[in-house]
Amino acid sequence: MDAVEHSPNTPLEYQSETGRLNILGFWIFLGAEIALFSTLFATYFVLDGRTAGGPVPAELFEVKGVLIETFLLLTSSFTCGLAIHYMRRHSLKGLFLWIGITLALGLSFLGFEIYEFVHYIHEGAALTTSAYWSAFFVLTGTHGAHVAMGIAWIALILIQLKQRGLTPDTSRKVFISSLYWHFLDVVWIFIFTAVYLLGMVM
Amino acid sequence: MANNEQTHSHFPWSHVIGFALSIILTLFALWVGFESGLSNTMIVVVVVGLALIQATIQLVMFMHMTESEDSKYQTGTILYALFIAIAVVVGTIWVMSFGMSHM
Amino acid sequence: MKWDEFFVTGDPLIYGADVSIALTLIGVIFVLTYFKKWKWLWTEWLTTVDHKKLGIMYVMAAVMMLFRGGVDALLMRAQLTVPDAGFLDSTHYNEIFTTHGTIMIIFMAMPFLIGLMNVVIPLQIGARDVAYPFLNAVSFWTFFMGAMLFNISFVIGGSPSAGWTSYVPLAGLELSPSVGQNYYLLGLQIAGIGTLLTGINFLVTILKMRAPGMKLMQMPIFTWSSLITSVIIVFAFPVLTVALALMTFDRLFGSHFFTLMDGGMPMLWANLFWIWGHPEVYIVILPAFGMFSEIISTFARKTLFGYKAMVYSMVVIAGLSFLVWVHHFFTMGAGGAVNSFFSITTMLIAVPTGVKIFNWLFTLYKGRIKFTTAMLWSLAFIPNFVIGGVTGVMLAMAAADYQYHNTYFLVAHFHYVLISGTVYACFAGLHFWYPKMFNHRLNEKLGKWTFWIFVAGFNLCFFPMYFLGLAGMPRRVYTYGAADGWMSLNVLATMGGVLMGIGFLILVYNIYFSFRYSPRETTGDPWDGRTLEWATAAPVPFYNFAHVPEVKGHDAYWIAKKEGRAKEKKPYKPIHMPSNSGVPVIMSTFFFISGFGMVFSWHWMSIAGLIGVLATMVIRSFDYDKGFYVSVEEIEKHEQTTE
Ligand code: HEM
Ligand SMILES: [Cu+2]
């Protein structure tokens, strides 16, 4: 099955049939994720402004906190890319280093986001407050839950890397999880723009 | 199919450039929103445009969407997803806008 | 919560169901134990990743669901036969039309089609399995557990009663406080995971696993229709996932997406539901189109007329199907511009559909037609589906729809497309590919009895409904007055319904009869077929093809037969196959537990279930099983049976 039809220069993750199939399948899964987040965004836009007399977003959003979150996630996407770069140069050390940094950045992002949520809830804006805040928390919360899943998943793969080193199987898993991680940054770009930036400006 | 020798023996230029561009685009969007003095509609158009550019940078420079033998299918999937995203988001806003004025 | 709130009580029908469920369970356990079949069940079925076996299980589950949904239907018809009937009260009637609709679309039509896709697609493209056999098993088991979760609402906690469309505020907490609606939300959510995975799986399978030489434009048309269906699934199901999740949050955690209070927007539910809902109706019709195309071409003994036009019209349908959803709520008042736009797109989508009708007719033209049962279903489909399509275009005119909407006219429309489209196709496909599943044919004589009785019953049941609708009878009413004058047509409809029931029973008997008495297949090519599934041995070995076939054009097996390459002898090589796994069924059981906990807001239980799901995922992640090789001797043993 694993037909050998690649040059030695082909990255490890593309060398097995399983690798090629799973990577394509994951791209299609990301297509489905785009549909999923689009629906959440559509819901958010429709419910935007329906605060039912409760707190409005412009009162609560702060540029500084949002920018910190944005740069944490952006940088983690960059370091994740570097990790793949080192993986393709067969440097397990470089891979571990940059993935480690990625996870640390991801965790700090989550920390800030949780802090932000708790702050809003203190100010009287919770899931149950109004349609607007329901939409806000479910959109950003779904993204946050994805980030948490991503961290746990990548951590599991790191264990497997330790056990087995770089093989077509492990590098496939690393590569696919990196796609996931970058994708979460893509989603965040739109959350930053549509929810926070426009929420503060409009 | 991606080639190790060409893309990955040297300094990861494409990543660094992509990262720099992302930061610049983010800050620029911020400036457009707060300082540019454009009308609200223009602000929406410009910042959403900037977000789309930044997303493309991630997809191509970080995620290597176009590198493998299946790049056609991968790119096709994302483009189709973009079509769905626009249909769902724009369609929903349009369809529901009349409902708003009812409330 | 007291036990009499937990179990549904007070209704003889439901006590009867309790007893029969308990008896069936005891019977199954007894038979399995008595014949020492537990191990066999586990190794051959519960843990299988073989696409053919999963397909068979899908079809069996779907037939069971057809029975359940059919009983619901007959109960409704019984109540509506005469004015002011007292057979069912309004609550009970509401529950029954809700479960009928949901079960038929989500747990009958889709799994039936996906089951046949599972059996046929890898064979048709000359592959040894799907791209992700393990995920395929996850798909089946999540579907199955979702279906079971939905079905137990009947005896535990109470059924949902807000319609298969579950419009809010009716489906909201204030007006539907019982747990029934939660069953709807979680049953569909869990089954939806499986459907999404199926979409991804078949997309990659068809794009990447085709036999060498088979270009995209040479794929069998059923494969094409499955490819397009998969695309629609991948992009439509996430929308349903979100819509269901938002309503779940509203009901369980107090959010305000669709509520009447605090800024919620009930209409947003209808919008999201139909963004998924309209693509969904294409998900259940495109594979049916594909099957009819294969069957008509085989039994007209001609290549399909206008293959390219068929493919392009499906591609157009895939795009347009996401741009028409508002036609389901023209009357909600979204405004003239919105209604006009969606009215036009809806009419546009009828064009590619019409193109396909002409292609089938031209394929038949001057063909030497063999009237097998499968072919009869396909022939009856054409005129019946045209009736459904034409009335669809009538509904598509927004202004006129104010008159038809939510009347029996609409009910007649969608049954004409769904039954004469999807259900006829399921029956046709079942007869056609039955030899590939069970290595014998269904009895043709009994098959034709089913056909005539069912088709007559169907038209008798649903054609009068158009006129009931025009006479003003609204859908989803549990009774009507004598003065309304709707009785005579309702009597006809009930008679038709009974005939359909009889037809179904004959089909079930046919399955039993053929199992006992049909001669076993020897050639693997009972119909003089055209595509690669007919090139496999009888019975189809678990690895499908001893040699990966080479494809030299459209109708690959037909060409091979013509060139005398069909039975070539070549030395065998060992074949790599994936191993069985118990993870999918266990993972899905945890999904079931978690969903059940959510239904009753027992959060300890739903969290425990979710932990179980995650744990099985971790186990899977650390599993580096690489499958196994089938030896040349074993292949020889399997292939000998063919001669
Ligand atoms: C010729 C193409 C078709 C057109 C123009 C069309 C048009 C429509 C329209 C306008 C409605 C909404 C009417 C109303 O609610 O007042 C409708 C309802 C419906 N259609 Fe079709 N349709 C077509 C084909 C199909 C097919 C192929 C299927 C499924 C196999 C289907 C299944 C349904 C269902 C299930 C509903 C009603 C759902 C409900 O309200 O419960 N239609 N159709
Ligand atoms: Cu529709």
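Please read these numbers as outputs of a predicted model, since none were measured by experiment.

Regarding the overall build of chain B
Here's step 1: Tallying secondary structure elements over chain B gives four helices and zero strands in all.
Here's step 2: Order of helices (α) and strands (β) in chain B, N terminus to C terminus: α-α-α-α.
Here's step 3: Counting the 103 residues in chain B, one finds 44% classified as buried.
Here's step 4: The long-range fraction of contacts in chain B, counting pairs at least 24 apart against all pairs at least 6 apart in sequence, stands at 56%.
Here's step 5: As displayed, chain B offers around 5,200 Å² of accessible surface, 73% of which is attributable to carbon and sulfur atoms.

Points about the side chain of C:Q124
Residues and elements named next belong to chain C.
Here's step 1: Structurally, Q124 is set in helix α5 (residues 90–124).
Here's step 2: One polar contact links Q124 to E294, side chain to side chain, over a distance of 3.1 Å.
Here's step 3: A polar contact of 3.4 Å, which involves the side chain of Q124, links it to the side chain of E533.
Here's step 4: Contact partners of Q124, with chain neighbours within four places excluded, come to M214, P220, F222, T223, E294, W433, T531, L532 and E533.

Focus on helix α6 (residues 133–152) of chain C
Here's step 1: In this model, α6(C) (20 residues) spans 29 Å end to end at C-alpha, consistent with the 28 Å of a helix rising 1.5 Å per residue.
Here's step 2: Counted residue by residue, α6(C) has 16 buried out of 20 residues, so it is predominantly covered.

Brief notes about the site of ligand 1
Residues and elements named next belong to chain C.
Here's step 1: If you check the shell around ligand 1, you find 22 residues, and the closest are W164, D401, H405, H413 and R475.
Here's step 2: Within the contact set of ligand 1, a nitrogen atom lies 2.9 Å away from a side-chain nitrogen or oxygen of H413.
Here's step 3: With respect to ligand 1, the side chain of R475 contributes an N or O atom lying 2.8 Å from an oxygen atom.
Here's step 4: Those elements that place two or more of their residues in the shell around ligand 1 are α9 (266–299), α12 (373–396) and α14 (408–438).
Here's step 5: Here the shell around ligand 1 gets six residues from one element, more than from any other, and that element is α12.
Here's step 6: Taken together, the residues of the shell around ligand 1 sort by class into 13 nonpolar, seven polar and two charged.

Digging into the interface of chain B and chain A
Here's step 1: Listed per partner, the contact involves 55 residues of chain B and 50 residues of chain A.
Here's step 2: Buried area between chain B and chain A, both sides added, is near 4,600 Å², and the carbon and sulfur share of it is 75%.
Here's step 3: Where chain B packs against chain A, one counts two salt bridges.
Here's step 4: In this structure, the salt-bridge partner of A:R88 is B:E67, at a minimum N-O distance of 2.8 Å.

Comments concerning the confidence of the model for chain C
Here's step 1: Confidence in the prediction for chain C averages 94 pLDDT; 99% of positions are at 70 or higher.
Here's step 2: Note on the complex model: pTM 0.95, ipTM 0.95.

Notes on the coordination of the iron atom of ligand 1
Four donors placed tetrahedrally about a metal ideally form angles of 109.5 degrees, and six donors placed octahedrally ideally form angles of 90 or 180 degrees.
Here's step 1: Here the protein supplies the iron atom of ligand 1 with just one donor, C:H413 (NE2), and that contact is 2.2 Å long.
Here's step 2: With respect to the helices and strands, C:H413 occurs in helix α14.

A short note on the environment of C:M217
Here's step 1: Within the element layout of this structure, C:M217 appears in the loop between α7 (180–208) and α8 (221–253).
Here's step 2: On a C-alpha basis, the gap between C:M217 and C:V311 in space is 8.4 Å, while along the polypeptide they are 94 residues apart.

Reading the values: rules and limits
Throughout this description, residue numbers start from 1 for each chain and increase along the sequence as written. Written order decides the labels, with chains lettered from A and ligands numbered from 1. With pLDDT at 70 or above as the cut-off, local features in this predicted model cover only qualifying residues; side-chain atom pairs require 80 or more to be listed or tallied, and sums for whole chains, interfaces and linings still use all residues. Hydrogens and water molecules were not included; the side-chain quantities draw on all heavy atoms of the structure. What counts as a helix is a DSSP run of H or I of at least four residues, what counts as a strand is a run of E of at least two, and both are numbered from the N terminus. Burial status follows relative accessibility: with a 1.4 Å probe on protein chains alone, a residue under 20% of its type maximum counts as buried, one over 50% as exposed, and anything between as partly exposed. Pairs of residues are marked as contacts when any of their non-hydrogen atoms sit within 4.5 Å. Where accessible areas are quoted, they stem from the Shrake-Rupley method and a 1.4 Å probe; at the residue level, only the protein chains shown are allowed to cover. Throughout this description, a polar contact denotes any pair of N or O atoms lying within 3.5 Å of each other; where both atoms belong to protein, one of them has to be capable of donating a hydrogen while the other can accept it, and for residues adjacent in sequence the pair is counted only when both atoms sit in side chains. Under the convention used throughout, the expected extent of a helix is 1.5 Å for every residue step, that is, one less than its residue count. Residue proximity to a molecule or strand is established when one non-hydrogen atom of the residue lies within 4 Å of it. Three classes are used: nonpolar for Ala, Val, Leu, Ile, Met, Phe, Trp, Tyr, Cys and Pro, charged for Asp, Glu, Lys and Arg, and polar for all others, with Gly counted as polar. The buried area of a pairing is the accessible area, by a 1.4 Å probe, that goes missing from both parts when the two are put together, added over both. Criterion for a salt bridge: a side-chain nitrogen of Lys or Arg within 4 Å of a carboxyl oxygen of Asp or Glu. pLDDT measures the predictor's confidence residue by residue and takes values from 0 up to 100. Only nitrogen, oxygen and sulfur atoms within 2.8 Å of the metal, or 3.2 Å for Na, K and Ca, are treated as donors, and water is left out, so sites may look incomplete.

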